[in-house]
Amino acid sequence: MFSIPEQFSNATKANFESQFAIFSSLTAKAFEGVEKLVDLNLTAAKASLEESSVAAKQLLSAKDPQEFFSLAAAQAQPTAEKAIAYGRHLAAIASGTQAEFSRAAETQIAETNRKVISLVDEVSKNAPAGSENAIALLKSTLGNASAGYEQFTKSAKQAGEAIETNLNAAVNQFAAAAQKVAPAAKK
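Residue numbering note: each chain is counted from 1, following its sequence as written. Since the coordinates come from a predicted model, pLDDT governs what is reported: local features require at least 70, and pairs of side-chain atoms require 80 or more to be given and counted, while whole-chain, interface and lining totals use all residues. To get the side-chain values, all heavy atoms of the structure are used, and hydrogens and water are removed first.

Q: Please set out the overall build of the protein residue by residue, giving values where relevant.
A: Helix and strand definitions follow DSSP, with helices as H or I runs of at least four residues and strands as E runs of at least two, each counted in order from the N terminus. Per the secondary structure count, the protein includes three helices and zero strands. In the protein, the order of α-helices and β-strands from amino to carboxyl end is α-α-α. Throughout, radius of gyration means the C-alpha value; the globule benchmark is 2.2 Å times the number of residues raised to the power 0.38. For a compact globule of 187 residues, the expected C-alpha radius of gyration is about 16 Å, and the protein comes in at 28 Å, more than 25% above that figure. For the protein, with 187 residues in total, the buried portion stands at 18%. At a minimum sequence separation of 6, the contacts of the protein that also span at least 24 residues come to 80%. Only the protein chains shown count as cover for residues, and all accessible areas are computed by the Shrake-Rupley method using a 1.4 Å probe. A total of about 13,000 Å² of accessible surface is found on the protein, and carbon and sulfur atoms cover 64% of it. Under this rule, positive means Lys or Arg and negative means Asp or Glu; His and the chain ends count for nothing. Note on charges: their place is set at NZ of Lys, CZ of Arg, CG of Asp or CD of Glu. Within the protein, one finds 18 positive and 19 negative side-chain charges whose respective centroids are separated by 7 Å. Classification of residues uses two cut-offs on accessible area relative to the type maximum, computed with a 1.4 Å probe and protein chains only: under 20% is buried, over 50% is exposed, and between them is partly exposed. The contact rule is simple, with two residues in contact once any of their heavy atoms fall within 4.5 Å.

Q: Help me get a handle on helix α2 (residues 65-126), residues and values and all.
A: Over its 62 residues, α2 runs 91 Å from end to end, which matches the ideal 92 Å to within 8%, given 1.5 Å per residue. Near the N-terminus of α2, the side chain that reaches the backbone nitrogen of Q66, with its oxygen 3.2 Å away, is that of D64. What a helix is expected to span follows from its residue count: subtract one and scale by 1.5 Å. Polar contacts, as counted here, are pairs of nitrogen or oxygen atoms within 3.5 Å of one another; within protein the pair requires one atom able to donate a hydrogen and one able to accept it, and residues that are adjacent in sequence qualify only if both atoms are side-chain atoms.

Q: Would you mind going over the packing of aromatic side chains in detail, with residue names and values included?
A: Classification of ring pairs rests on two measures: the distance between centres of Phe, Tyr or Trp rings, Trp counted by its six-membered ring, which must be within 6.5 Å, and the angle between planes, read as stacked under 30 degrees, edge-to-face over 60 and tilted in between. Considering all chains together, one arrives at one aromatic pair under this definition. Measuring from ring centre to ring centre gives 5.5 Å for F68 and F69, while their planes differ by 85 degrees; the resulting arrangement is edge-to-face. Note on F68: relative accessible area 32%, which makes it partly exposed. According to the relative accessible area criterion, F69 is exposed, its value standing at 55%.

Q: Give a detailed account of the layout of surface pockets, specifying residues and quantitative values.
A: Counted as a void, the largest pocket has a volume near 490 Å³. Using only the protein atoms, space was sampled on a 1 Å grid; points where a 1.4 Å probe fits but cannot get out form cavities, open sets with protein on both sides within 12 Å along at least five of seven lines form pockets, and lining residues are those with an atom within 4 Å of a point. What lines the largest pocket is a set of 18 residues, among which A47, S48, E51, T79 and K82 lie closest to the centre. Sorting the residues of the lining of the largest pocket by element identifies α1 (4-60) and α2 as the ones contributing at least two each. Here the lining of the largest pocket gets ten residues from one element, more than from any other, and that element is α1. A per-class count over the lining of the largest pocket returns ten nonpolar, six polar and two charged. Grid points are joined across faces, edges and corners, and a volume is the space filled by probe spheres set on the points. The residue classification treats Ala, Val, Leu, Ile, Met, Phe, Trp, Tyr, Cys and Pro as nonpolar and Asp, Glu, Lys and Arg as charged. All others, Gly included, are polar.

Q: Kindly report on the confidence of the model for the protein, identifying the contributing residues and their values.
A: Residues at a pLDDT of 70 or more form 91% of the protein, whose mean pLDDT is 80. Averaged pLDDT values over the elements of the protein bottom out at 74 in helix α3 (residues 132-186) and peak at 85 in α1. A residue's pLDDT is the predictor's confidence in that residue, given on a scale from 0 to 100.

Q: Got a sec to walk through the pattern of salt bridges? Specific residues and values, please.
A: Note on definitions: salt bridges are taken to be side-chain nitrogens of Lys or Arg within 4 Å of carboxyl oxygens of Asp or Glu. Using the criterion set out here, one finds three salt bridges in the structure. Taking the shortest distance from any N to any O, the salt bridge between K29 and E100 comes out at 3.2 Å. On the criterion of sequence distance, the pair formed by K29 in helix α1 and E100 in helix α2 is long-range, its members being 71 residues apart. Note that K82 is salt-bridged to E51, the shortest N-O span being 3.4 Å. Of this pair, K82 sits in helix α2 while E51 sits in helix α1, placing them 31 residues apart in sequence.

Q: Describe a nonpolar patch on the surface, and please don't skip the residues or the numbers.
A: Residues enter patches when their relative accessible area tops 30% and they take part in no salt bridge; the joining distance is 9 Å for like charges and 5 Å for the nonpolar side chains Val, Leu, Ile, Met, Phe, Trp and Tyr. On the surface, V34, V38 and L42 cluster together into a nonpolar patch covering about 270 Å² of accessible area. In this fold, V34 is placed in helix α1.

Written out as structure tokens, the structure is:
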């Protein structure tokens, strides 16, 4: 049988290890998201540079203003489509990273919560007579903290979903506007 100070010492150590694990996990997820974003931006910049060079050569080879404007209008639609694809990819990266953050945090916090409840149950078995009210209060406090965390998690998920919805709506509005402008530019 362990003494109460030993139990708390072991619990503190386990909590520290758990906090370090969640920090490491979240840091890894953040770096993965940044890596995807950097890759997306490098790919987009490289493609844009190559396409701009080809487009500039085409525009410079135009024989008259009408051909110049016709070429410029023809390039508007693919450029808009690429911007839309970029926006969607960016939204997917942000959404995926947020989901990974939530999943990692939920897993770690649920495990920490389980360990704390287990410790309280173990300590309550060895608690001196007359401490039932204090233990009940502690369990109630833990339950309230857990409920508060669940509400926070739910709100964070809703905020993430709202951001994703807004990004998708913005991309869709841009796509619709680009489709309206492209035919007008060709005229």
